[in-house]
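Residue-level structure breakdown
Each chain, letter by letter, is given below.
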Amino acid sequence: MFAGNLYYFNFQEKRIRYFPLGSTTFRKQAKRGGVEPDESYCLGIEKEVPDFAIEVVVTSGGVDKLEVYKRLGVTEVWFF
């Protein structure tokens, strides 16, 4: 994915420690939500939920995914 490659080069250039989690499904029963971003990263240390997620949206409508990411604790989400 183009956006993921941009982040990869940025992390390398700035020597930011990161952990790519790819398109893993993130779910928390207590928060009643789950999402599967196209790319996701933890910054600094590896965690259960990523700090940053990228999602390519092919269709519109459905579940408000931004709200689900918010409930899961993902601090930044980009939709393309």
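Structure first, text after, so check above.
Under the criterion given, the structure shown has six aromatic pairs. Summarising the aromatic geometry, the rings of Phe52 and Trp78 are spaced 5.3 Å apart at their centres and angled 85 degrees between planes, so their arrangement reads as edge-to-face. Of this pair, Phe52 sits in strand 5 (residues 52-55) while Trp78 sits in strand 6 (residues 76-79), and the two are 26 residues apart along the sequence. Its relative accessible area of 31% is what places Trp78 among the partly exposed residues. Grouping aromatic residues by their ring pairs yields a cluster made of Phe11, Tyr18, Tyr41, Phe52 and Trp78.

Side chains bearing opposite charge may pair, as long as their charged atoms lie close to each other. Going through the model one piece at a time under the given rule, you end up with two salt bridges. Linking Lys47 and Asp51 is a salt bridge whose minimum nitrogen-to-oxygen distance equals 2.7 Å. Glu55 is paired through a salt bridge with Lys65; the nearest N and O atoms lie 2.6 Å apart. With Glu55 in strand 5 and Lys65 in helix 2 (residues 65-72), this pair connects stretches of sequence that are 10 residues apart.

A few words now on a nonpolar patch on the surface. Residues Val56, Val58, Trp78 and Phe80 make up a contiguous nonpolar surface patch of roughly 420 Å² in combined accessible area. Mapped onto the secondary structure, Phe80 falls in the segment after strand 6.

Let us now look at the side chain of Ser40. Secondary-structure assignment places Ser40 in strand 4 (residues 39-43). Once residues lying within four places of it in the same chain are set aside, the contact partners of Ser40 are Phe19, Pro20, Leu21, Gly22, Phe26, Pro50, Phe52 and Ala53.

Basis of the calculations
Residues take numbers from 1 onward in each chain, read along the sequence in its written order. Predicted model: local features are reported for residues with pLDDT of at least 70 only, side-chain atom pairs are reported and counted for 80 or more only, and whole-chain, interface and lining totals are derived from all residues. With hydrogens and water stripped out, all remaining heavy atoms of the structure feed into the side-chain values. Working definition: a ring pair exists when centres of Phe, Tyr or Trp rings (six-membered ring for Trp) sit within 6.5 Å. Plane angles under 30 degrees give stacked, over 60 give edge-to-face, the rest tilted. Note on conventions: DSSP H or I runs of at least 4 residues are helices, E runs of at least 2 residues are strands, and numbering of each starts at the N terminus. Burial classes follow relative accessibility: with a 1.4 Å probe on protein chains only, a residue under 20% of its type's maximum area counts as buried, one over 50% as exposed, and anything between as partly exposed. Salt bridge, as used here, is a side-chain nitrogen of Lys or Arg placed within 4 Å of a carboxyl oxygen of Asp or Glu. Patch membership needs two things, relative accessible area over 30% and no salt bridge, and members are linked within 9 Å if like-charged or within 5 Å if nonpolar (Val, Leu, Ile, Met, Phe, Trp, Tyr). For accessible areas, the Shrake-Rupley method is used with a probe of radius 1.4 Å. Any residue's cover is judged against the shown protein chains and nothing else. Contact definition: two residues touch when any of their heavy atoms are within 4.5 Å.

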